[in-house]
Amino acid sequence: MADGGHYYNDRGDFKVTREVRRTDILVDGEHDDRTAPFRNRKGRGSHKGRSFDRSRRDRQRGSHAGGFGGPGPRSRLEDTDGDVTMSDSPQDSSSQNRFNPYGRNFRKRDVRFDRDRQPGKGGGGGGRGGFCFRGDRGGLKARSGWYKVTIPHGRKYDKKWLVTALQNICSVPYTPVQYHVDHHRVHFYVDDSAAANALHKCSHKITDSDGYKVEVHVNPSAPPAFLQSDLKPEHLEHLKQCMAKRFDGSQQALDLNNIRTDPDLVSQNIEVILNRKTNMESVIKIIEENIPELTCLNLSNNRIHKLDELAELVSKVPNLKTLNLSHNELKTDRELDKVKGLKLSELWLIRNPLCDLFKDQAAYISAVRQRFPRLLKLDGHDLPPPIGFDVETPTTIPPCKGSCFGSDEIKALILRFLQQYYSIYDSGDRQPLLDAYHDGASLSLTTPYSTQNPSRSSLGEYYKDSRNLKRIKDSTMRFRLLKHTRLNVVAFLNELPKTQHDIASFTIDVNTYTTTLLSFTVSGVFKEVVVDGKSRESTMAFSRVFITVPAGNSGLCIVNDQLFIRMATTEEIRRAFVAPAPTPSSSPVPTLTAPQQEMLTAFSLKSGMNLEWSQKCLQDNEWDFNRAAQIFTQLKTEGKIPDVAFIK
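On a predicted model such as this, the values are computed, not experimentally measured, just so you know.

Student: Would you mind going over the overall build of the protein with me for this structure?
Tutor: Check the secondary structure of the protein and you find 19 helices and 24 strands. Counting only residues that meet the buried cut, the protein has 38% of its 648 residues in that class. Restricting the contact set of the protein to residue pairs at least 6 apart, pairs at least 24 apart contribute 63%. With an accessible surface of roughly 37,400 Å², the protein has 50% of that area assigned to carbon and sulfur atoms.

The structure is reproduced here in structure tokens:
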């Protein structure tokens, strides 16, 4: 039952709905219940002075006053603009401190509602927050005009790839503002409600290279901090003068200890807070433009809790040897990773929360020295000389080598086997593979271990049969997932998706070779082909261990087959299927003119390639023998011609 701004609930309690815009102003017509717990209590008389002050103090702290004026259990969660239940009978006032199962459920809903309306949490309640959430009817609405976009696990994505992928499917053009990484999440801001709603609809529409859908969370937000805290040009000039006063040219040292309280800045009403992104960037820019040869920098007592902006010191102040970050608010040693490119000899971290995370001094020193191996002094204490190699010249990781066979005889045997095996495997009917397996053969399939939902991955088709021992703990299930006998093995292979393997991507390594056994590993990429109009169009990588025994005349018979499948990396996808291998056929050479047939035979003899690949090379070069020979020599030198091209 409603009565203006008041109503009665179904239990007969009188409710007052109020919205507090400012705690020090009582709007005309609104009910002020700050002293309600005292006002209605029976037999206590009037309450003056201290009782009222106490209630007001609790209110200013954001507490919800209980029946005795103290903070109630909701004080940390409840906003000041929620609904307040009041009794219209003075005898019932004491029930505010009594367990009420009905009121408890209602209050729980209030807590959730109020939490959503807190400033910065995506809602809007009072005047300070500046946000509101309209639900499905109006989409996202922010009174500030700004929205914060969050990508869980976004750290693993390249920024250019992620932004481009979102822009490609977002129906409204947008510009990401202040793109940054926080732990494993990526955040950026947009200032357009249409773009915010369009980005919200992009969630689970992008598939990453691991086959997982990219989540996109969008919430109304306060404007980015840098918009609220930019230093004005005249302020920058005062800051520059202040830094000049604090610079010691003889030592190339700059002391910015507690710069926020510097008298010269305070007298000009300039607030320089170095835990603000733009303020720190301004300081670093002044250093870069005026004292790039700086060797010692003191940033102590500045409430710094992140070192993102200091990462620029690595390139802009390359001679920095001493850095003082003591008496700040660094909470984890992972922050040091952002500046580990500095070649520091002295570092101060004392009186930061991170110092309390280590069990002893040795663990603390070890963690710091992992980032700064040349460090000689930590928190004013000398460290033992570092042990290591002082390599100034950049070193590169040697390129990955190709296949390893051991002998030309084994090479020919394996390549011939793989060409026959995968021509059948990719043909659509894998039943003929029965001839490749021993009667007692075994096969197992494994996919990477993941805590994410496998159904959202392109590997979901393989996940149900995966025998990953990290996931499967039950011995009975482990045994059941092994495929025994060649009939069961081939029947299982027939159930797997139809594929096309990139033979040119194969890398082969011989593990064991005796007169009675040959074990080798083949790795490469493949894609699933379209069947009944359905295809995920995703490239996958595989690694397969075949254990074989001799069979027939120069043949192999598989006794054990271990297949591992994962999503291909970005580089593997880029290089996959660039030059499709010729389709195997019983008559590899189509009808050619006599000169072409003669040229093909000569090129095959000179290059060592079989007729199929020789013809392809000549056709790609318009039957120009000399140019084809030149291209062949170049590609062979670069190791880009697959071994299968030389099987005759």
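Student: Please explain the environment of histidine 187 as it appears in this structure.
Tutor: Residue placement: histidine 187 occurs in strand β9 (residues 185-190). Sequence-wise, histidine 187 and valine 149 are 38 residues apart; in three dimensions their C-alpha atoms are separated by 5.5 Å. Once you skip the residues sitting within four places of it in the chain, histidine 187 turns out to touch Lys148, Val149, Thr150, Gln178, Tyr179, His180 and Asp182. Side chain to side chain, histidine 187 and threonine 150 meet in a polar contact 3.0 Å long.

Student: It is not clear to me how the nonpolar core should be interpreted in this structure. Could you clarify?
Tutor: Most often, soluble globular proteins have nonpolar side chains that are buried together. Grouped together as the largest cluster of nonpolar side chains are 54 residues, with contacts concentrated most on Ile414, Leu418, Tyr421, Tyr422, Tyr437, Leu493 and Phe520. Among the elements that line this core, the one with the most residues is helix α12 (residues 408-425), at 9 residues. Apart from residues lying up to four places away in sequence, leucine 418 is in contact with Ile508, Phe520, Val522 and Phe546.

Student: Looking at this structure, how should I read the state of the cysteines?
Tutor: In protein structure, a disulfide is the covalent linkage between the sulfur atoms of two cysteines. A complete count under the given rule lists 0 disulfides for this structure. The thiol of cysteine 202 is not disulfide-bonded; the next cysteine sulfur, from cysteine 170, is found 4.5 Å away.

Cut-offs applied
- Residues numbered from 1 in each chain as written.
- Predicted model: local features only at pLDDT ≥ 70, side-chain atom pairs only at ≥ 80, totals over all residues.
- Heavy atoms only, no water.
- Helix = DSSP H or I, 4+ residues; strand = E, 2+ residues; numbered from the N terminus.
- Buried < 20%, exposed > 50% of the residue type's maximum accessible area, 1.4 Å probe, protein only.
- Contact = heavy atoms within 4.5 Å.
- Areas by Shrake-Rupley, 256 points an atom, 1.4 Å probe, with all protein chains shown as cover.
- Polar contact = N/O pair within 3.5 Å; in protein donor to acceptor, adjacent residues only side chain to side chain.
- Core = buried A, V, L, I, M, F, W, Y, C linked by side-chain atoms within 4.5 Å.
- Disulfide = S-S within 2.5 Å.

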